[in-house]
Structures are given as C-alpha cells and as structure tokens.
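Residues per chain, in single letters:
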Amino acid sequence: MELHDLWFVLIAVLWTGYFFLEGFDFGIGVLTKLLARNRTEKRVLINTIGPVWDGNEVWLLSAGASTFAAFPEWYATLFSGFYLPLLLILVCLIVRGVAFEYRAKRPEEQWQRNWEHAIFWTSLVPAFLWGVAFGNITRGVKIDRNMEYVGSFWDLLNPYAVLGGLVTLTLFTFHGAVFAALKTLGDIRERARKLALVLGLVTAVLALIFLLWTQADNGNGKSLVALVVAVVALVAAIGANQAGREGWAFALSGLTIIAAVAMLFLTLFPNVMPSSLNDEWSLTVTNASSSPYTLKIMTWCAVIATPVVMLYQGWTYWVFRKRIGTQHLAEAAH
Amino acid sequence: MELALAPETVARWQFGITTVYHFLFVPLTISLAALTAGLQTAWVRTEKEKYLRATKFWGKLFLINIAMGVVTGIVQEFQFGMNWSDYSRFVGDVFGAPLAFESLIAFFFESTFIGLWIFGWDKLPKKIHLACIWMVSIGTLLSAYFILAANSWMQHPVGYRINEEKGRAELTDFWRVLTQNTALNQVFHSFSAAFLTGGAFMVGIAAFHLMRKKHIPVMRTSLRLGLVTMAVGGILTAISGDTLGKVMYEQQPMKMAAAEALWDGEKPAPFSVFAYGDVDKGHNTVALEIPGLLSFLAHSDFDSYVPGINDTNKAEQEKYGPGDYKPIVPVAYWGFRWMIGFGMASFSLGLLGLWLTRKRFLLPAAQRTGEDEVPHLVLLKKPLGSRLTRLYWLLAVWTMAFPLIANSWGWIFTEMGRQPWVVYGVMQTRDAVSPSVSQGEMITSLVVLTTIYAILAVVEVKLLAKYIKAGPPELTEADLNPPTKIGGDLRDADKPMAFSY
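These figures come from a predicted structure and were not determined experimentally. Numbering of residues starts from 1 in each chain and follows the order in which that chain's sequence is written. Following the order in which they are written, the chains are lettered starting with A and the ligands numbered starting with 1. Totals for whole chains, interfaces and linings use every residue, but because this is a predicted model, local features are given only for residues with pLDDT of at least 70 and side-chain atom pairs only at 80 or more, for both listing and counting.

## Some thoughts on the overall build of chain B
Counting its secondary structure elements, chain B contains 15 helices and six strands. Its C-alpha radius of gyration of 25 Å places chain B within 12% of the 23 Å reference for a compact globule of 501 residues. By its C-alpha atoms, chain B is 75 × 55 × 45 Å across when sized along the principal axes. In chain B, which comprises 501 residues, the proportion classed as buried is 50%. Starting at the N terminus, helices and strands are each numbered in turn, a helix being any DSSP run of H or I of at least four residues and a strand any DSSP run of E of at least two. It is over C-alpha atoms that the radius of gyration is taken, and the globule rule equals 2.2 Å times the number of residues to the power 0.38. Burial is judged by counting other C-beta atoms within 10 Å of a residue's own C-beta: 20 or more means buried, 12 or fewer means exposed, and anything between counts as partly exposed, with every C-beta placed from the backbone.

## Here's the deal with the overall build of chain A
Assigned secondary structure in chain A consists of eleven helices and two strands. For chain A, the succession of helices and strands along the chain, N to C, is α-α-α-α-α-α-α-α-α-α-β-β-α. In summary, chain A has a C-alpha radius of gyration of 20 Å against a globular reference of 20 Å for 334 residues, a match within 12%. Each principal axis of the C-alpha atoms in chain A carries an extent, and together these give about 60 × 40 × 40 Å. For chain A, with 334 residues in total, the buried portion stands at 60%. Residue pairs at least 24 apart in sequence account for 79% of intrachain contacts in chain A once pairs closer than 6 positions are excluded. Contact between two residues is assigned whenever their backbone-derived C-beta positions fall within 7 Å.

## Notes on the environment of F90 of chain B
Residues and elements named next belong to chain B. Mapped onto the secondary structure, F90 falls in helix 3 (residues 85-119). Using a count of 24 C-beta atoms within 10 Å as the deciding quantity, one classes F90 as buried. Taking C-alpha positions, F90 is 33 Å from V306, a pair spaced 216 residues apart along the chain. When near neighbours in sequence (up to four residues on either side) are disregarded, F90 contacts R168, A169 and M427.

## Remarks on the interface of chain A and chain B
In this assembly, 66 residues from chain A lie in contact with 62 residues from chain B. Any residue that is not Ala, Val, Leu, Ile, Met, Phe, Trp, Tyr, Cys, Pro, Asp, Glu, Lys or Arg is counted as polar, Gly included; the first ten are nonpolar and the last four charged. Of the residues belonging to the side of chain A that touches chain B, the class tally is 39 nonpolar, 18 polar and nine charged.

## What to know about the environment of W74 of chain A
With respect to the secondary-structure elements, W74 of chain A resides in helix 4 (residues 72-81). In this structure W74 of chain A touches T67, V272, M273, L283 and A288 of chain A, once residues within four positions along its chain are discounted.

## Quick look at the pairing of strand 4 (residues 283-290) of chain B
Residues and elements named next belong to chain B. Where strand 3 (residues 271-278) meets strand 4, seven bridges bridge the pair, whose relative direction is antiparallel. Bridge assignment links D278 to a residue of strand 4, and that residue is H283. Strand pairing is assigned whenever DSSP identifies at least 2 bridges connecting the two strands. Counted between consecutive antiparallel strands, the loop separating strand 3 from strand 4 contains four residues, among which G282 sits at a positive phi close to 80 degrees.

## Things to note about helix 1 (residues 7-46) of chain B
Look at helix 1 of chain B: 58 Å from first C-alpha to last across 40 residues, which is about the 58 Å you get at 1.5 Å a residue. Phi for E47 of chain B, located one or two positions after helix 1 of chain B, is positive at around 60 degrees. Each residue after the first adds 1.5 Å to the expected span of a helix.

## So, the packing of helix 6 (residues 181-211) of chain B against helix 7 (residues 216-251) of chain B
Two quantities define a packed helix pair, namely the angle between the helix axes and the distance between the axes. Residues and elements named next belong to chain B. In contact at an axis separation of 6 Å, helix 6 and helix 7 are set at 155 degrees when each is read in the N-to-C sense. Classed by the angle they form, the pair helix 6 and helix 7 counts as roughly antiparallel. The interaxial crossing formed by helix 6 with helix 7 has left-handed handedness. Class assignment for the residues of the contact of helix 6 with helix 7 results in 20 nonpolar, 19 polar and no charged. Helix axes are fitted only over the stretch in contact, all axes being lines through C-alpha atoms; the angle between N-to-C directions runs from 0 to 180 degrees. For this classification, under 35 degrees means roughly parallel, over 145 means roughly antiparallel, 65 to 115 means roughly perpendicular, and everything else is oblique. By the definition used in this description, the sense in which the near helix is turned from the far one sets the handedness, with an anticlockwise turn below a right angle giving left-handed and a clockwise turn giving right-handed.

## A few points about the confidence of the model for chain B
With 99% of its residues at a pLDDT of at least 70, chain B reaches an overall mean of 93. Scored as a whole, the predicted complex attains pTM 0.94, and scored at its interfaces, ipTM 0.93. For every residue, the predictor states its confidence as a pLDDT score lying anywhere from 0 to 100.

## Looking at the nonpolar core
Among the nonpolar cores identified, the biggest contains 270 residues, and L90, A177, V178 and M263 of chain A are the most heavily contacted of them. Counting residues per element, this core draws most heavily on helix 3 of chain B, at 21 residues. What we call a nonpolar core is a set of buried Ala, Val, Leu, Ile, Met, Phe, Trp, Tyr and Cys residues whose membership is set by joining through C-beta atoms within 7 Å.

## Thoughts on unusual backbone geometry
Cis geometry marks the peptide bond from F269 of chain A to P270 of chain A, where omega comes out at 0 degrees. Secondary-structure assignment places P270 of chain A in the loop between helix 10 (246-268) and strand 1 (271-273). Between Q419 of chain B and the following residue, P420 of chain B, the backbone shows a cis peptide bond with an omega angle of 10 degrees. Relative to the elements of secondary structure, P420 of chain B occurs in the loop between helix 13 (401-416) and strand 5 (421-423). Of note in this structure, E47 of chain B is not a glycine but carries a positive phi near 60 degrees. Turning to its location among the elements, E47 of chain B is positioned in the loop between helix 1 and helix 2 (49-83). Given 11 C-beta atoms within 10 Å, E47 of chain B falls into the exposed group. Positive phi values are uncommon outside glycine, yet S300 of chain B reaches one of about 55 degrees. Mapping S300 of chain B onto the fold places it in the loop between helix 9 (293-299) and helix 10 (309-320). Taking the number of C-beta atoms within 10 Å as the measure of exposure, S300 of chain B has 10 and is therefore exposed.

## Section: the environment of S88 of chain B
The residue S88 of chain B is located in helix 3 in this model. Residue class for S88 of chain B comes out buried when judged on the 27 C-beta atoms lying within 10 Å of it. Sequence separation between S88 of chain B and A432 of chain B is 344 residues; the distance between their C-alpha atoms is 7.9 Å. Ignoring any residue separated from it by four or fewer positions in sequence, one finds S88 of chain B in contact with F68, P72, Y75 and A76 of chain A together with F80 and G81 of chain B.

## Quick look at the confidence of the model for chain A
Residues of chain A with pLDDT of at least 70 account for 99%, and the chain-wide mean is 95. Looking at the elements of chain A, mean pLDDT is at its lowest for helix 2 (residues 39-49) of chain A, recorded as 94, and at its highest for helix 7 (residues 159-183) of chain A, recorded as 98.

## Some points on the packing of helix 9 (residues 221-242) of chain A against helix 10 of chain A
Residue and element names in this part refer to chain A. Taken N-terminus to C-terminus, the directions of helix 9 and helix 10 make an angle of 160 degrees; their axes are 8 Å apart at the nearest point. As judged from the angle between their axes, helix 9 and helix 10 are roughly antiparallel. Our pair here, helix 9 against helix 10, has a crossing hand that is left-handed. Contact residues: helix 9 offers K222, S223, A226, L227, V229, A230, A233, L234, A236, A237, A240 and N241, while helix 10 offers W248, A249, L252, S253, L255, T256, A259, A260, A262, M263, L266 and T267. When grouped by side-chain class, the residues that make up the contact of helix 9 with helix 10 number 18 nonpolar, five polar and one charged.

## Focus: helix 5 (residues 83-102) of chain A
With 20 residues, helix 5 of chain A should cover 28 Å at 1.5 Å per step; its first-to-last C-alpha distance of 28 Å lies within 8% of that length. Across the 20 residues that make up helix 5 of chain A, a large majority, 17, are buried.

And the structure:
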C-alpha cells in the first residue's frame, strides 16, 4: 500500500469518526424538538452531550486539515466547489457552538428559547447537508480538466444526493435516540426507545434504497460487503433497542454509520472526487495527493496522535458515564 | 466599482474581517487559560477560598470568550479551500501540514479537556481536574504555535522546493518550517502580546470592582496577578518586537520601509515620528524624524544603511519582473504605529500600576494595606488624591481595549505589509483566489459571515459585561468538597450536577 492509499484510508477514518461522534450529537439536537416534552427534558438531552460535543466536532476540523495537507487538490476543489452548502454548514456550526455555551448563561426564558431553536436547526441542517455533500462526491460532479467545479449550486441538489441527505439526517437522529436511551433516566429514556424504533425503521428504508442505488451505480465486491454489514447492523440495532439492550443498540447504530461511510469510500477509491464530465478529469489518490515527504511526516503524526486522541476522548466518556435525569439539573441555570 | 468588487478584493476583505475578529479571542484565550490554571493551582496548593472564587470568576469569562474563539476558528480551517483554492493547490503540500498537526495534536487536546474542565467539578478529583485546565492551556499554546509557523512560512518561505512539473511548492524540510527564526520570533512576539492582553483584561476588571470597593480579596489578588502579567508580557513583547523587526529588515525590507514611510534609502536612517506623504509620487511632504534611530532598530547600529520603498521596489522589479511591489504605505505606516502605540501605552500603565500598588518595596509602613482593603495608590510616600486615584482606575479599565487594538493592527500591518505577495517572493495574492467561485457567492459569504459576527459580538460583550458586574460567585458546599473518585462519588445518586448547560 502506498502512502497516498494509506491517507485515503486515514481521511476516511477521520470522516467516519466525525459522523459516528457528531452524528449522535446532531441527533440529540434534532431530538430536542422531537422527543423532549418540556424545557427540562430539553436540558436533559443537551446535557448528555454537554461535555463531549466540542471534542466530537474536532474530528471535522481534522478531516478538513488533513485533506488540505494530504490531498490539496481535493481540499481545493471540494470546498470551492461546494461553496454555498459549506457556507451554510459553517454558519450552523458557529451558531450551534455558541448556542450550547450561552443558552444557560442568562435566566430569561426568551433568551433560552431562542438558543433552543438555534440548537435544533443548526443540528438538523448540517446533518442533512453532509449527506448531500457525500452523495455528490460519490456520484461525481461537473469537474473540468483543471480540477475546477463548473456545476451550479442547484446541480448539487439532485435526487440521489438529496436522498443521501435524508439518510444521514434520519440515521443520525436514530443514532441520537439510541444514545439518549443509553444516557438518560426515567420517562424520557422509555420514550427515546420507542422513538428510536420509528426512526430506525424510516432510516432502514431510506438507507437501503440509497445504498443499493450507490452499489448499482459505482459498487464493487468490497462495497457490497460494507453494504451488507451496514444493513445487518442497522437491523440488529433496531432489535437490540427493542430488547432493551441500550449499549448494544448504540454500538450497532455506530457500526451502521461506520459501514455506510466505509461503503461510500470503497465505491470512491481510487478516485477522491470523480468528474461526471470526463473520467480523465477525476481527482484521484495519485493526482490530488501531496508529495511522498509530506505524506510521510503526516503519517507519523496521525499514527501517533490518533490513537492517543481516541484514548483520552474515550476516557472522557467514561468520566461522564452516569445517566442524566431531570433530578440532576439544578433549578437555577448557571 | 467593478475593480472594488473583484473576487480578490472580496476574498481579502473576508479574510481580513474574519481573521482579525478571530484574533480578538485568541490572545485572551491563550492567556486566560494559563492565568485561570495558575489561580486554580494556587487554590489546590493553599486551599484559600479567594483563589477558588477567582478561578470560578475568570474561568467563566474565559469560557464565554473561548466559545467565540472556537467557532470562529472553524471558518479559518475551511476558507482557504473556499476562497483561496489556487493558493491551497499551490502550497497545500507545505502549508497544510502544520494545520493538520494543529488539529490532530492541539485542537483535540483543547476541546476534549475543556469539556472535562467545564463539567468535571463534581466528576474529577481536585488534582485531575486541575490537570485538565493545564491541558487546555498547553493545547492553546500548541495550536497557536503551529498556526504561527504556517504564517511564518508565508512571510518567509523555507524548507520547500518548486515542482515545475506539478506547478506547486513541495515541502522538503518540515523541521525548518517549524523552527525558522521568523516562526520562533513570531511565536515569542504573539505569546508575549497574548499575556499582555490577558493581563490588561484582568487589571481592567479588577480596577472596575476595586473602584467600587467590591469583592476586594479576590480582585486584589487578580489586580496583582494582572499587573505582573502585563509588565512581564509587555517587556517581552517589546523585546520580541525588536528582534522580529530586525528579522523582517532582512527578510522583507519592503514591509519595514513601508512601516517607516522611508521612500529612499538613507545612511544613517531616521525613525519617523510623524509623516504625511504623497503615495503616487513616492515622497513625504511632512516628516518629523529622530536621526539614526531606524538604522539602530534595523541593524543595532546608528550609522547603517536602510533601503527605502523606491529602492526595494526597483530591486524586486529586477528580481521578479515588471510590476508594483509596494504595499499600501499609509496602512503599513499607521498600522505599525498603532500597534506599538497601543501596546506600549498598555505596558506603561501596567508598570505604573505595579509601582503604585507595590506591597512593601519602598512603601511607608503606614500605607500598607490588608487582604480585604483596596490597595492605596502610592506614588512616593503619600497615596494619590481621590481624583487621581479614580483617574488611574478609569484608565486601567480603558486599558483593557488597548492590547486588542494593538494585536489587530499588528496583524493588519504584517499581512498588508507583505502585499502584493501572499507567499513572499513565491506567489502573489491575485493568483491565489478561487477561480471557480463567483463574485455573487463571495459577496454572499462576506455579508453572511460579517453579519453573524457582528450579532455575536454584541451578544458576547453583553454577556461578558453581565458576568463581570456579577463578580466572583459565592462558593457552594459542592465546590468545597470535590469528589475523590473519577466519575464522581456515589454518595447521592440524585444530586444535581455541579455544572449543567
């Protein structure tokens, strides 16, 4: 395996980590309106991800920066090409981060309600748009001979990509509901399990169509394996949730995300951004990558840093392992 | 009109606005993380309650501030690809690496441990909780280091070669990129300025409360800590500014000539106190100068030759081909002056404060004050009158803004002074912009980001003001009895969380 192939895998790992982790905290954001019956329950949900959402988001920054370093052409084409959707995602992430931190910093109800609306929308919109973006990457977009995106904003909203967006939105919300069942206490925990069933079934239908469509268009043997794993894991996650095995349900909904992202990257390889205009104009792991020297240095950094990051982030989840119920929230907000 | 809205211009405005805005929060984050960590260390070691109250108070302000720093940093990670795709393609092999190191090493550190610190008061034993804020502090420093190394490469590219076939710059020596003198000097200068900024922030807020005789024990300690930080940060900023300046005279003579509005080379060269000139004709009409000082600043020698804007422009034309290699001279000239002026004004106020509030040194015994008294401001032997005392406290409050202004102008000076280059001597800014992004898209992005940033600025400042006025919180039973086990003690499973959103 050459270094640029390894880096293709590492970029896939970073995106997978991002969708696994921020996936459930986007889901929690969406559930503040779908699941919570009152404002205290909203707070319960928000506090399940309180200590961790910021660390989860860094997986995105790492994916972005590593793409810049390992595949500069990919970084340049992707972010200049998907300009407006990316701008919208950035705006959401800006407002969302501030919303979590500032919501409880004033007691006025209106202030808190405004930030709660913000948390819902800024979780929902990126959860949808990331699916649209990845749908477009796998499907291929109009890229010219100079690696420049020449399509329009509306080209990005094709049926396949929009379906991809609905899949990430429902899958993340399902993942979030399973997480909520794992991390909360009392009435909301029961309702999270019930809602997870509905969300799981909707996700299963949408994901199956999307993944089969992907397989039919660009699939290969390996991607078929990933597809099967994703679908089986999703069904098993729904089953574990019904059986009240919350830890298993969460691990399996996570595995669904891992397998689905793996499948997209497997259909992509050795391209990183295929051109729909001409196969020769596609960005590939060879023509978009950095020099061997840069990749070597980056490999050292990633191979050492990533496991360490996983260790201390994992430790954080262990520190905050207790379930949260309404009784754990102090009356007066800080 | 058309020229004013060229994509390059729009992209530059966006980069300037978002970056200067981001950098309002960065120095405060760097210094407040370390200062809060220091205060918490004092609490853990001495168990004096004033230190814990101070930790909670400054920690809260630090968190309000870092939230903005983090979210505005996200834009920075992606706008190179969005607006500067040709830049990204050309330099990604070199420039991307420090950014990736930053996110993999520093960002994860910072963001994970900040979560542990915020929510960990009743989940972590005292010393582990303390270690978390130090981890955050290390994360902020590392993060700034990698970014400054990346920026230094734009100021003075080293450790790379041009690959003609691929049409890009390629990294050949990463260690040199991280340790070249431009990077080390910029890091030194930015870190010390960050502490000057945080010190001034602390002093201003402490002065606000002491003037009203409120929260005296906590604010007395904070005032002292802030003043010492300002004095040390200020002197180091001056020293590192001088060495960085000398490095720049070697590496970017144009920037430094523009900083002085020195149109034609002189031997010895004077330092300009005030100048008003004709940029098109290339000379000053009014100039007030100190002879020989510029030679000294550039080369530590009152008699040496310093090249001027016109000479350097000619030299660069010979080297790089026809064109105008001048930055906007008035921006560089005044940016340089605002940076030094505001920075040193704040340093002087810090030094003055340190003297006025001295504890024992050359202070008559009668003027010494206790832990719960507002310190007297003693110039020689007697305290200042009530009017002068009030004036000093007011000035101290105003000083909070000075380093922020200085930092902003410092960056505007160093970035605009490098123009027309985006990577000095290698790539011009006009060649760096994204060819596939339309003017409409860029304007949309500029307007949207600027609007959101403006709204958030109002929200943030109001929130800071609220928590500043509220003063340090009273300590609760839980604060004074931290858990002994990781994950929290199991005594009472239904106890409310010490901190919740």
